[in-house]
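One letter stands for each residue in the lines below.
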There are 2 protein chains.
Amino acid sequence: MTMNRKKMLLVAASIILNLVLIIHILYNNNSTTTTTWNPSWTSRAAEEAEEAASVSCSGHGRAYVDGLGVLNGNKPPCECNNCYTGDYCSFLLPDCHADANSGDPLFLEPFWMQAAEGSAVVESGWHRMSYHFHQDGSYVSAELERIIRKLHSVVGNAVTDNRFVIFGTGATQLVAASVHALSQTNASSSSSPTRLVSAIPYYNAYKEQTDFFNYANIKFEGDASAWRKSEHNDNLTQVIEIVTSPNNPDGKLKRAVLEGSNVKTIHDYAYYWPHFSPITHPADEDLSLFSLTKTTGHAGSRFGWALVKDEVVYERMKRYLTLSSMGVSRDTQLRALQLLKVVVGDGGEEIFHFSYETMKKRWEILNKILSASTRFSLETIQPEYCNYFKKRRDFTPAYAWVKCERLEDTNCYEIFGGAKIKGREGKVFGSEERFVRLSLIRTQDDFDQLTDLLKKLVSEEVVGGHST
Amino acid sequence: MTMNRKKMLLVAASIILNLVLIIHILYNNNSTTTTTWNPSWTSRAAEEAEEAASVSCSGHGRAYVDGLGVLNGNKPPCECNNCYTGDYCSFLLPDCHADANSGDPLFLEPFWMQAAEGSAVVESGWHRMSYHFHQDGSYVSAELERIIRKLHSVVGNAVTDNRFVIFGTGATQLVAASVHALSQTNASSSSSPTRLVSAIPYYNAYKEQTDFFNYANIKFEGDASAWRKSEHNDNLTQVIEIVTSPNNPDGKLKRAVLEGSNVKTIHDYAYYWPHFSPITHPADEDLSLFSLTKTTGHAGSRFGWALVKDEVVYERMKRYLTLSSMGVSRDTQLRALQLLKVVVGDGGEEIFHFSYETMKKRWEILNKILSASTRFSLETIQPEYCNYFKKRRDFTPAYAWVKCERLEDTNCYEIFGGAKIKGREGKVFGSEERFVRLSLIRTQDDFDQLTDLLKKLVSEEVVGGHST
């Protein structure tokens, strides 16, 4: 090649490279400005959240943005599941007790971790500072109310037409608000206090709450069936019956025991979701309670709602909410909205399939262990048709309501305690000490620890050779 | 220039251009990979939040991420300040009434809007799902407790040493919890209910709450001074006095009226911040209540805290919190932590200078208007030395406690109502109808509407020619 030709090739190559580089730069600028959104003021908070989420805790814990030490600028630490310890939750404590006490619904945590993008919430520093949503003084998010109605429509577990929706700081607050509201609407102003009853076994909080608050005109009486048969049941004394369905602790669908003009009923439907029960029909009662805790698993958020038919009762409950806490936190309402958007987005498919499959598997394992036992028994609940899954299905309750069958095993809670399993005593549910409630809705680690110790306990039956 | 020279210049230019372009590309790549963090799962939520924040509402409103219609995929609408309307809050309604009723602390909103980056919160879908923070069953964020103690130390408005900290869903819930707790600790189990008193004028909610809840052993009695002089004051009947300082509605620093072994005191320090009052000394009482509402302006979050000396009282209050709502929402606790981080970050300088200057200016305007009036009067509060600002300063209360001086103006609330100003009636504070409370802590629009109508009302005095 001649010198001139070489020079010409060099010039051509340089010019071509110029063009290539210019096109590259223009293309990248275009992409940046038209397809990538660049965060501004949300950046710091988002980065902190993603950093906390990325902390690895060996699958036995997780870190949170407000974990211990973050004020010192430290990376948030792993918060480990029961029995796990160490900086990365990688050490399993030997001889550790299984926690099967509280109904902490962490079994749903893996679902939300994989739904990270859809379920994240970003709250500005000036988000809803006011007491009120609207000029009319409402404490209630209209969009959240809408999505709750949509949720019930999608799942088919409650009628919301002709119902007022009221929010509470957990169904816990709504139990107190409804008991208070119903006790005020006595047609006859009796000097005798309104009696609160619930069929044994009942959720311990009903009694504890009523006894503790010590209202002048409300008294927790005890078992609804006992009241029905008692001499005090004079059809005049005002009575409020709380019906929990599915029931806590035994998981069965329940109906009211009492009826009459002097009887008012509160239906606690906290567990009436496909995770735990077939959806046999939409709840259609005067006062129905639901809880975010048992719906999405967000016990920490403290959010519940009631569907109320009677306007007078609704207004009284609203007044209760106003005077006790001026409504529910707007931060919580924002979060609940986002979580329920995820649930409702695909008609509940992903979450309910995840939750039902998880609970089904846990019950299969539990049933297998206990079927080998004559010392401990579980009542079987017959499968029913589920309108949500459109098939006949087993109940997969949140708790195992276990009975100690041996004569000498008078305190089942202590028997399990001796086997390093912490359950909840049967007597706090108004029932006998022969029963113990075991929570099945905690983390996988909790469930594995429970079943390991349970297997051991059951295996000792054969060895011990006791009679039932 | 010869052809050859031109060619050489062209080649040189092309090569230089190539070098420049290559350097540019390398620099940008470097910047992107080393200095820009790219969001992943927080992106959608962050984008939604920034989009809502960018909605322009003419300076007379704002849009929120959970505004009406967002479920339909609509951009969140402007939520307008009182009297403003239209899609962008640009229309001022003629003949509109000023809202000077509730203590909605939106005067702090501009501060948080400019503190956007520091105050944003990103919450993952699995953030704190559990009921409990720690294995011990606590409902309380340790970091939030730490920053509250730091806050009091920085402002110097309360002693936190040897104090338990308890959280509530607003100071509202803590008032109920403390009244309940103190009424239980009767040394003598008297059959007579505990009397709740507070010096007139008192915050209306104390009476409303106690009357509504109707506890068996607590009765709202009324004015503390009247009780002291009454025949029922037998030094045996258990009494709880609520002392609000600075007081709502009149803004003065107060002390307890009653003392004795049968008297317990709750100090409500909700307004004891540099926004409203000189910080004369750190509060050092047995039971002190504070509220995020009046500290940072976040009324919607529903968060308050109590500093409690006595462990028995603390345990009872904790039980109250457990049974009424199982603690305070973790979403709210996360938000409160972030907001207080911003406050404490610079020792409170930015927020308290902003808030004090705002309130000072509002009081200057209000005082100027009312100084021209003989029909309406305001009690002057003498300035005091402020340990926070390290100078003598005026009180700048949240409310104007206005008295109607004319004989015939027996109902001050109605007088102002006739002038299209909605205040809060003196009688709900246990006081006379000659008083009306006007809120000065709402948005700038609210304050401007109030002062415009007030000027008009005062100007009519001269025209009307009435005697005082």
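Residues numbered from 1 in each chain as written. Chains lettered and ligands numbered in written order. Predicted model: local features only at pLDDT ≥ 70, side-chain atom pairs only at ≥ 80, totals over all residues. Heavy atoms only, no water.

### Some details on the packing of aromatic side chains
- For the coordinates displayed, the defined rule picks out 53 aromatic pairs over all chains.
- On the basis of an interplanar angle of 20° and a centroid distance of 5.8 Å, the ring pair of Tyr269 of chain A and Phe290 of chain A is categorised as stacked. Separated by 21 residues along the polypeptide, Tyr269 of chain A in the loop between β11 (263-268) and β12 (287-291) and Phe290 of chain A in strand β12 bring together distant segments of the chain. Across the pair, Phe290 of chain A and Tyr269 of chain A agree in class, each one buried.
- Measuring from centroid to centroid gives 6.1 Å for Phe303 of chain B and Trp305 of chain B, while their planes differ by 40°, and the two rings are tilted. In this structure, Phe303 of chain B and Trp305 of chain B share a single accessibility class: buried.
- Among the aromatic residues, those joined into a cluster by ring pairs are Phe167, Tyr269, Tyr272, Trp273, Phe290, Phe303, Trp305, Phe352, Tyr356, Tyr388 and Phe389 of chain A.
- Its end group placed over the ring of Phe389 of chain A, Lys391 of chain A keeps NZ or CZ at 6.0 Å from the ring centre. (Phe/Tyr/Trp six-rings, centres within 6.5 Å; stacked < 30°, edge-to-face > 60°. Helix = DSSP H or I, 4+ residues; strand = E, 2+ residues; numbered from the N terminus. Buried < 20%, exposed > 50% of the residue type's maximum accessible area, 1.4 Å probe, protein only. Lys NZ or Arg CZ within 6 Å of the ring centre and 35° of its normal.)

### A look at the environment of Ser324 of chain B
- Residue placement: Ser324 of chain B occurs in helix α10 (residues 311-325).
- With a relative accessible area of 8%, Ser324 of chain B lands in the buried category.
- Along the chain, Ser324 of chain B and Ala177 of chain B lie 147 residues apart, while their C-alpha atoms are 9.2 Å from each other.
- Look past the residues within four positions of Ser324 of chain B in its chain and what remains in contact with it is Thr172, Gln173, Gln209 and Phe213 of chain A together with Gln173 of chain B. (Contact = heavy atoms within 4.5 Å.)

### Section: the side chain of Glu50 of chain B
- Of note, Glu50 of chain B is situated in helix α2 (residues 43-54).
- Of the side chains with opposite charge, Arg44 of chain A lies nearest to the buried Glu50 of chain B, which makes no salt bridge, at 11 Å.
- Of note is the side chain of Glu50 of chain B, whose polar atom sits 2.7 Å from the side chain of Thr42 of chain A.
- For Glu50 of chain B, the residues in contact, after removing those within four places along its chain, are Trp37, Asn38, Pro39, Ser40, Trp41 and Thr42 of chain A. (Lys, Arg positive; Asp, Glu negative; His and termini not counted. Salt bridge = Lys/Arg side-chain N within 4 Å of Asp/Glu carboxyl O. Polar contact = N/O pair within 3.5 Å; in protein donor to acceptor, adjacent residues only side chain to side chain.)

### Concerning the interface of chain A and chain B
- Tallying the contact residues gives 112 residues for chain A and 112 residues for chain B.
- Carbon and sulfur atoms make up 58% of the surface buried where chain A meets chain B, a total of about 10200 Å² over both sides.
- When residues of chain A are sorted by the area they lose upon contact with chain B, Trp126, Met129 and Phe212 of chain A head the list and together hold 8% of the total.
- Put simply, chain A and chain B have ten salt bridges between them. (Buried area = accessible area lost by both parts, 1.4 Å probe.)

### Looking at the pairing of strand β17 (residues 399-404) of chain A
Residue and element names in this part refer to chain A.
- With five of six residues buried, β17 is to be regarded as a mostly interior element.
- Relative to β17, strand β14 (residues 376-378) runs antiparallel, the two being bridged by three bridges. Pairing of Ser377 across the sheet is with Lys403, part of β17. (Pairing = 2+ DSSP bridges.)

### With respect to the domain arrangement of chain A
All names here are of chain A.
- Segmentation of chain A into domains returns domain 1 (42-97), domain 2 (142-345) and domain 3 (349-463).
- If you average the C-alpha positions of domain 1 and of domain 3, the two centres end up 30 Å apart.
- Counting residues at the interface gives eleven residues for domain 1, matched by seven residues for domain 3.
- On the domain 1 side of the interface with domain 3, the three residues burying the most area are Asn81, Asn82 and His97, jointly 58% of the side's total.
- Where domain 1 meets domain 3, there are one salt bridge.
- Measuring nitrogen to oxygen at the nearest pair gives 2.5 Å for the salt bridge that ties Asp95 to Lys420.
- Across the side of domain 1 that touches domain 3, the residue classes break down as four nonpolar, five polar and two charged. (Domains from an automatic or database assignment. Nonpolar A, V, L, I, M, F, W, Y, C, P; charged D, E, K, R; others polar.)

### Observations regarding the nonpolar core
- Counting residues in each nonpolar core, the largest one holds 217 residues, and the members touching the most others are Trp305 and Phe416 of chain A together with Trp305 and Phe416 of chain B.
- Residues Val197, Trp227, Val239 and Val257 of chain B belong to the second largest nonpolar core, which totals eight residues. (Core = buried A, V, L, I, M, F, W, Y, C linked by side-chain atoms within 4.5 Å.)

### Considering the packing of helix α6 (residues 170-184) of chain A against helix α10 (residues 311-325) of chain A
Residues and elements named next belong to chain A.
- Close contact between α6 and α10 brings their axes to 9 Å; oriented N to C, the two are set at 130°. With respect to each other, α6 and α10 are oriented oblique. For the pair α6 and α10, the crossing hand works out as right-handed. For the pair α6 and α10, contact is made by Gln173, Leu174, Ala176, Ala177, Ser178, His180, Ala181, Leu182 and Gln184 and by Val313, Arg316, Met317, Tyr320, Leu321, Ser324 and Ser325, respectively.
- Tallied by class, residues from the contact of α6 with α10 come to nine nonpolar, six polar and one charged. (Axes fitted to C-alpha atoms, helices over the stretch in contact; angles between N-to-C directions. Parallel < 35°, antiparallel > 145°, perpendicular 65-115°, else oblique. Left-handed = near helix turned anticlockwise from the far one by under 90°.)

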